[in-house]
Amino acid sequence: MSVRRATHAGSWYTDSGAELSGQLDRWLGAADLSHGPARAIIAPHAGYTYCGACAAFAYRQVSPVVVKRIFILGPSHHVRLRGCALSGAKKYKTPLYDLKIDSQINAELEKTGEFTWMSLKTDEDEHSIEMHLPYIAKVMEDYKDQFTIVPILVGSLNPEQEAQYGSLLAPYLMDPTNLFVISSDFCHWGHRFSYTYYDSTCGAIHKSIEKLDKQGMDIIESLSPHSFTEYLRKYNNTICGRHPIGVMLGAVKALQDQGYDKMSFKFLKYAQSSQCQDIDDSSVSYASGSLVFEM
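A brief look at the structure comes next. (Residues numbered from 1 in each chain as written. Predicted model: local features only at pLDDT ≥ 70, side-chain atom pairs only at ≥ 80, totals over all residues. Heavy atoms only, no water.)

## Description of the sheet that holds strand β1 (residues 3-4)
Across the sheet, which stays open at both edges, the three strands sit in the order β1-β5-β6 with mixed pairing between neighbours. Here the strands that pair on one side only, and so sit at the sheet edges, are β1 and β6 (99-100). Sheet topology places β1 next to strand β5 (residues 91-92); two bridges connect them, and they run parallel. When the bridges of β5 are listed, V3 appears paired with K91. (Pairing = 2+ DSSP bridges. Helix = DSSP H or I, 4+ residues; strand = E, 2+ residues; numbered from the N terminus.)

Here it is as structure tokens:
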């Protein structure tokens, strides 16, 4: 039985369960419950010193009492992937407790013929899914034996594929016992990211970055996959989870096409790793938000 180790514990976040639990409690305690219960969240996947406090605003919207299954959609940073891949592991380790993979859902998704399997090495090298596991373990700790996870590694999809995977996942998004975690940072700015878009009318560089990110966030809140694709084409903003976000928007669109339109997405927190003032500076932006289904 293969078990995915917590390979980024001890570097991207603490490997001490007690310390980690305390940190997560503090961050969650500082966030407000204002747009819940979440059916899907967008939250960052950087080291916790940079984005732990920001991510709490998304996880604070989760109602653990209703959640039985958590889909985690993370972008692939290290392997070229044309579609989406499932995890062959049976368990994911965290410094808090182990999370169980939903083998039944994996089998259902495999049957569609649209998913491949990631190797354990790919799984353990990737941080975009792992960085959400401690938060999931923390918010679900009172129900630790009553839920499963479905990690999905999302490759470089075109808009048609985002719509296709969105349609495949839409029935799962419709189920109130499921939660979707969409893993994404926002603008990666600076020469080291080969991205230095700057609107001088904003004044400081960090203000230009914030304006650019917030344009994208407003479009995501409008739940229009086409507008999000156009925004990315126009500005090429380095939103690393653009494809997982595209899949979520595709799933929402599929449900809207079936006549269900009582969904609202709201961003609740925005942060930057540092404030760029100079062309030689660099930063990564983080945003946390929640998708709610009105009954």
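That shown, we press on.
## What to know about helix α3 (residues 103-111)
Buried within α3 we find I105, N106 and L109. Taken end-on, α3 shows its buried residues confined to a sector of 105°, consistent with a single buried face. Seen from the open side of α3, the exposed residues pointing more than 90 degrees away from its buried face are Q104 and K111. Packing partners of the buried residues in α3 comprise β3 (69-75), β4 (84-87), β7 (115-118), β8 (148-154) and α6 (159-174). For α3, the capping residue at the N-terminal end is D102, with a side-chain oxygen 3.2 Å from the backbone nitrogen of Q104. Of the residues flanking the end of α3, it is G113, one or two places downstream, whose phi is positive at about 80°. (Buried < 20%, exposed > 50% of the residue type's maximum accessible area, 1.4 Å probe, protein only. Arc of directions from axis to C-beta. Contact = heavy atoms within 4.5 Å. Polar contact = N/O pair within 3.5 Å; in protein donor to acceptor, adjacent residues only side chain to side chain.)

## Concerning the side chain of N178
Within the secondary structure layout, N178 lies in strand β9 (residues 178-183). From its side chain, N178 meets the backbone oxygen of Y172 in a polar contact 2.8 Å long. Not counting residues within four places of it along the chain, the set of residues in contact with N178 comprises R39, R69, F71 and Y172.

## With respect to the pairing of β8
Along β8, seven of the seven residues are buried, which leaves the element largely enclosed by surrounding structure. The alternating pattern of β8 places T148, V150, I152 and V154 and I149, P151 and L153 on opposite faces, both of which are buried. By the bridge criterion, seven bridges tie β3 to β8 in an arrangement that is parallel. Counterpart to I70 in the pairing with β8 is I149. Here β4 runs beside β8; their pairing, made up of three bridges, is antiparallel. Counterpart to A85 in the pairing with β8 is L153.

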